[in-house]
Amino acid sequence: MTYDAVSAYTVLLGDGVGPTTVSVHGSAVDAWAALAAAVGVAPAAPPRRRFGFRPAVAVVPSDGLAQEEVHSAAEAWRTVDPERRFWQVTSHRLQVTVPAINTEPLVSRTA
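What counts and what doesn't
Residues numbered from 1 in each chain as written. Predicted model: local features only at pLDDT ≥ 70, side-chain atom pairs only at ≥ 80, totals over all residues. Heavy atoms only, no water. Pairing = 2+ DSSP bridges. Helix = DSSP H or I, 4+ residues; strand = E, 2+ residues; numbered from the N terminus. Axes fitted to C-alpha atoms, helices over the stretch in contact; angles between N-to-C directions. Contact = heavy atoms within 4.5 Å. Salt bridge = Lys/Arg side-chain N within 4 Å of Asp/Glu carboxyl O. Buried < 20%, exposed > 50% of the residue type's maximum accessible area, 1.4 Å probe, protein only. Patch = residues over 30% accessible without salt bridge, like charges linked within 9 Å, V, L, I, M, F, W, Y side chains within 5 Å. Areas by Shrake-Rupley, 256 points an atom, 1.4 Å probe, with all protein chains shown as cover. Polar contact = N/O pair within 3.5 Å; in protein donor to acceptor, adjacent residues only side chain to side chain. Core = buried A, V, L, I, M, F, W, Y, C linked by side-chain atoms within 4.5 Å. Expected span 1.5 Å × (residues − 1). Left-handed = near helix turned anticlockwise from the far one by under 90°. Nonpolar A, V, L, I, M, F, W, Y, C, P; charged D, E, K, R; others polar.

(A) Main features of the sheet that holds strand E2 (residues 21-25). Strand order in the open sheet formed by 3 strands is E2-E1-E3, and the pairing between neighbours is antiparallel. Whereas interior strands pair on both sides, the edge strands pair on one side only; in this sheet they are E2 and strand E3 (86-98). Within this sheet the neighbouring strands show an average axis-to-axis angle of 25 degrees, counted without direction. Direction of pairing for strand E1 (residues 2-14) relative to E2: antiparallel, over a ladder of 5 bridges. Across the sheet, threonine 10 pairs through a bridge with valine 24, a residue of E2. Helix H1 (residues 28-38) rests against E1, E2 and E3 of the sheet, and its axis sits at about 15 degrees to E1.

Set out below in structure tokens:
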């Protein structure tokens, strides 16, 4: 058996009343987009490029929301009731076992 590592991102969201929601995502973009959807943030229009202007590089999900926008919206959602509302986005490196399919060395043959 060999080992490999994969990335996973979890989003934890709760309001102290209902059950806590935990979702697992394969990319940071998907995780931040899930948090944005959970707290009710609508995607912004992607920035327009004019005269060669390029926006600053940031984590921008495919739906147009920047990580900072999601963070500030989630914080605003949490401050409504800071004793009960909570959220967290966490990255993980998971070790997985990969079965060895071919244990013999592969020998190239020429004709």
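(B) Looking closely at the pattern of salt bridges. Enumeration according to the criterion identifies 2 salt bridges in this entry. A salt bridge links glutamate 75 to arginine 78, with the nearest nitrogen and oxygen atoms 3.2 Å apart. Linking glutamate 75 with arginine 78, this pair stays in helix H2 (residues 67-79), spanning 3 residues, or about one helical turn. Glutamate 75 sits in the partly exposed class, given a relative accessible area of 25%.

(C) Quick peek at a nonpolar patch on the surface. A grouping of Val6, Leu94, Val96 and Val98 is seen on the molecular surface, where their side chains present a nonpolar patch of about 260 Å² in accessible area. In terms of residue count, E3 provides more of the nonpolar patch than any other element does, 3 residues in total. On the basis of relative accessible area, valine 96 is assigned to the partly exposed category, the value being 31%.

(D) Quick look at the side chain of threonine 10. Tracing the backbone through its elements, the reader meets threonine 10 in strand E1. Reaching out from threonine 10, the side chain makes a polar contact with the side chain of histidine 92 at a distance of 2.9 Å. Excluding residues within four positions of it along the chain, threonine 10 makes contact with Ser23, Val24, Gln88, Val89, Thr90 and His92.

(E) Spatial organisation of the nonpolar core. Leu13, Trp32, Leu35, Val39, Val70, Ala74 and Trp87 are the most contacted members of the largest nonpolar core, which totals 13 residues. If we ignore the near neighbours within four places in the chain, the residues touching alanine 74 are Leu35, Val39 and Trp87.

(F) How the structure looks around H2. Helix length check: H2 (13 residues) gives 18 Å between terminal C-alpha atoms against 18 Å at 1.5 Å per residue, within 8%. For H2, the secondary structure elements touched by its buried residues are E1, H1 and E3.

(G) Layout of the packing of H1 against H2. Between H1 and H2, whose axes approach to 10 Å, the crossing angle comes to 35 degrees. With respect to the hand of their crossing, H1 and H2 are arranged in left-handed fashion. Here H1 contributes Trp32, Leu35 and Ala36 to the contact with H2, which in turn contributes Gln67, Val70, His71 and Ala74. For the contact of H1 with H2, the per-class residue count stands at 5 nonpolar, 2 polar and no charged.

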